[in-house]
Amino acid sequence: MVSGPLGDQVQGANGTVLFSAHLQVFLGVGLALLCFSLLLGCAVCWRQHRRLRSRTSREQVLEQALVDQVPVVPSKTAAVPIQRQYEEIPGAVLGARAGESSPASPACGADALPSRASLPSLPFSQRPSRPSKLVGAWQRRCTISGANILRDEKGLLARAGLGASIPQSCTAPGGLSSAGTKQRPQLHFNLFYSLAEATLTVTVISVSHLPKGLRGSCDSYVKVYLLPQCAEPQRTAVRRKSLNPAFQEQFQFGRYSLEELKSFTLRFAVYMRFHSLKDTFVGEVIFPCAQATWNREASSSYSRELSTTKTKLKKCLSSHDMSCSVLSSQPKSLGQLFLLLQYQALANRIKVLVRKAENLGRLTRMPGTPDHYVVIHLYHNGQVIDTKETKSIAGYNPVWNTPFLFSIPAGDIQQQELSLEFTVMQARVYTRSYTLGCVQVGPSAPEAGLVHWKEMCSRGQVESARWHLIQPEALRPFP
């Protein structure tokens with residue numbers, strides 16, 4: 001026996017060799033187990049695949065047998081009732097009634113073949129004989145798939161000359177042919193024009209046949225536009241939980257002559273409001289006022305179908321800009337100015353009240369709301385003898401309500417060449433002012449300006465008020 005350091009080295013070498021041997025044994029056993037598991041899994045998969053193939057082939061054989069049982073109709077044979085043929089099948093699956101063997105009796109009753117076509121009589125060359133399992137499979141197939149067998153063989157039967165005499169299926173729903181088309185949403189409204197007040201009254205009556213939402217009926221409302229004059233809409237109240245909401249609300253658009261009104265267009269936009277969701281556009285009605293029948297004594301009623309195409313209004317342009325394609329050919333309007341005039345003959349002066357303006361145009365696409373003011377010139381013999389100016393008011397519907405007094409030469413006002421010019425200016429911060437348009441009032445002014453001047457001269461101490469359309473002119477900086 002070796003002792004000392006040499007013996008310790010020998011014992012350590014023996015331990016290392018023994019450990020390596022055990023490790024190799026463990027690795028071999030693990031590899032063998034892995035291979036066995038793989039082989040076992042392959043065998044199981046192969047067995048299941050073979051079982052599935054055998055089941056599929058068996059079902060195909062049964063289906064082929066069912067298809068083979070479809071009778072081939074000879075050209076000239078005696079008709080044998082189907083009911084009598086099925087009564088003699090082993091198992092009595094169909095439960096035929098005794099004595100029901102008429103060739104014209106339908107086969108769609110409760111005791112006949114389920115979901116089978118109504119075949120009054122079919123000639124058979126020989127009596128079919130099926131095992132009980134095949135009859136059960138036939139019944140299950142007819143019960144589950146309805147008239148699939150007859151539908152698959154429809155072409156063969158049609159070629160045999162019976163396509164016109166044999167119905168396809170007795171289970172076809174009878175309501176399909178009588179189902180009507182879905183009704184589309186419609187808007188009902190009234191129009192009335194008051195000649196004395198020069199106002200248009202639009203009455204939104206109701207909307208019918210709105211589409212159902214996720215929870216059935218939903219809330220809805222209508223926006224009314226008068227284009228191109230009023231691009232900012234007037235809106236009805238919200239009607240809750242109704243697919244046929246009734247509004248009965250009136251909206252007035254004022255101070256337009258009938259000729260001006262005929263060049264405008266009404267736009268009705270219908271929206272539906274869902275809970276916790278954004279308002280949904282349903283449809284719109286574009287109604288040119290020229291198509292309306294204007295009755296001075298009564299309103300006219302209209303019903304129009306909603307169009308799902310939405311007209312996009314140009315936000316960057318003025319409210320007088322053309323907001324839809326049907327109005328694109330008409331000239332752009334710059335708004336209107338409301339003036340009051342009074343001729344004070346004893347004091348030889350004219351009182352001018354610049355009341356307000358509506359729907360002023362927009363000259364640039366810069367963001368923000370511009371300021372507007374009016375510069376008034378008094379002309380005598382073509383020369384400016386006096387000038388006044390209002391303060392600046394922000395917005396496109398400014399209200400100044402500012403009076404001015406203009407002294408005029410002594411004498412008869414109708415014998416003098418006098419006229420007033422109102423220039424509407426548009427200004428922005430850190431930019432120069434630009435001319436939006438002007439209004440002329442005087443004996444040589446066109447249309448409304450001439451009428452207003454004559455009213456002022458004839459009424460004396462009574463003020464004369466009138467709306468004037470702002471006429472465009474070249475864009476030029478105001479000094």
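Quick note: structure is the one above.
Residues numbered from 1 in each chain as written. Predicted model: local features only at pLDDT ≥ 70, side-chain atom pairs only at ≥ 80, totals over all residues. Heavy atoms only, no water.

Caption draft 1: The side chain of His372, seen in detail. One can find His372 in strand β11 (residues 371-380). Residue classification places His372 among the buried residues on the basis of a relative accessible area of 0%. When neighbours within four sequence positions are excluded, His372 is seen to be in contact with Leu360, Gly361, Lys391, Ser392, Ile393, Gly395, Tyr396, Pro398, Trp400, Met425, Gln426 and Leu436. (Helix = DSSP H or I, 4+ residues; strand = E, 2+ residues; numbered from the N terminus. Buried < 20%, exposed > 50% of the residue type's maximum accessible area, 1.4 Å probe, protein only. Contact = heavy atoms within 4.5 Å.)

Caption draft 2: Examining the pattern of salt bridges more closely. The final tally for this structure, using the stated rule, is eight salt bridges. Measuring nitrogen to oxygen at the nearest pair gives 3.3 Å for the salt bridge that ties Arg239 to Glu249. With a gap of 10 residues between them, Arg239 in the loop between β4 (230-235) and β5 (246-254) and Glu249 in strand β5 connect regions that are remote in the sequence. Residue classification places Arg239 among the partly exposed positions, given a relative accessible area of 22%. The shortest N-O distance in the salt bridge between Glu463 and Lys351 comes to 3.4 Å. Remark: Lys351 occurs in strand β10 (residues 349-358) and Glu463 occurs in the loop between α8 (448-459) and β17 (464-469); sequence separation between them is 112 residues. (Salt bridge = Lys/Arg side-chain N within 4 Å of Asp/Glu carboxyl O.)

Caption draft 3: Highlighting the environment of Ser206. Checked against the element boundaries, Ser206 lands in strand β2 (residues 199-208). Contact partners of Ser206, with chain neighbours within four places excluded, come to Gln186, Leu187, His188, Pro245, Ala246 and Phe247.

Caption draft 4: Main features of the sheet that holds β2. As summarised here, the arrangement of the four strands in space is β5-β2-β1-β8, forming an open sheet in which the pairing is antiparallel. The open sheet is flanked by β5 and β8 (300-305), the only strands paired with a single partner. Across the sheet, the mean angle from the axis of one strand to that of its neighbour is 25 degrees, orientation sign disregarded. Direction of pairing for β2 relative to β5: antiparallel, over a ladder of seven bridges. Paired with Ser206 across the bridge in β5 is Ala246. (Pairing = 2+ DSSP bridges. Axes fitted to C-alpha atoms, helices over the stretch in contact; angles between N-to-C directions.)

Caption draft 5: Geometry of the pairing of strand β15 (residues 418-427). When you tally the buried positions in β15, you get 10 out of 10 residues, the bulk of the element. Because side chains alternate across β15, one face comprises the buried residues Leu418, Leu420, Phe422, Val424 and Gln426, and the other comprises Ser419, Glu421, Thr423, Met425 and Ala427, equally buried. Strand direction decides the pairing type here: β11 and β15, joined by 10 bridges, are antiparallel. Bridge pairing in β15 links Val375 to Thr423. Both β15 and strand β16 (residues 434-441) contribute to a ladder of seven bridges, which runs antiparallel. Each residue of the ladder has a partner; that of Phe422, found in β16, is Val439. The antiparallel pairing of β15 with β16 creates a hairpin that spans six residues between the two strands, and Tyr430 there sits at a positive phi of about 65 degrees.

Caption draft 6: View of the nonpolar core. In terms of nonpolar packing, the biggest core is built from 33 residues, with Val224, Leu266 and Phe268 touching the most fellow members. Breaking this core down by element, the ones donating at least two residues are β1 (186-194), β2, β3 (219-227), β5, β6 (265-273) and β7 (280-288). The residues touching Phe268, leaving out its near neighbours within four places in the chain, are Leu187, Phe189, Val202, Val204, Val222, Lys223, Val224, Gly283, Glu284 and Val285. (Core = buried A, V, L, I, M, F, W, Y, C linked by side-chain atoms within 4.5 Å.)

Caption draft 7: Expanded view of the packing of aromatic side chains. Evaluation of the coordinates by the stated rule reveals nine aromatic pairs. Each ring, one from Phe287 and one from Tyr302, has its centre 5.0 Å from the other, and the planes form 50 degrees; the classification is tilted. With Phe287 in strand β7 and Tyr302 in strand β8, the pair connects residues that are 15 residues apart, well separated along the chain. Both residues of the pair, Phe287 and Tyr302, count as buried. Through a chain of ring-to-ring contacts, three or more aromatic side chains come together here, namely Phe189, Phe268, Phe287 and Tyr302. The cationic tip of Arg267 hangs over the ring face of Tyr225; the distance from NZ or CZ to the ring centre is 4.7 Å. When the ring centre of Phe406 is taken as reference, the NZ or CZ atom of Lys388 above it lies at 5.9 Å. (Phe/Tyr/Trp six-rings, centres within 6.5 Å; stacked < 30°, edge-to-face > 60°. Lys NZ or Arg CZ within 6 Å of the ring centre and 35° of its normal.)

Caption draft 8: Structural context of the sheet that holds β10. Taken in spatial order, the four strands of this open sheet run β14-β10-β9-β17, and their pairing is antiparallel. Lying at the two open borders of the sheet, with one neighbouring strand each, are β14 (399-407) and β17. The sheet shows a mean angle of 25 degrees between the axes of neighbouring strands, direction not considered. With seven bridges joining them, β10 and β14 adopt antiparallel strand pairing. Bridge assignment links Arg349 to a residue of β14, and that residue is Ser407.

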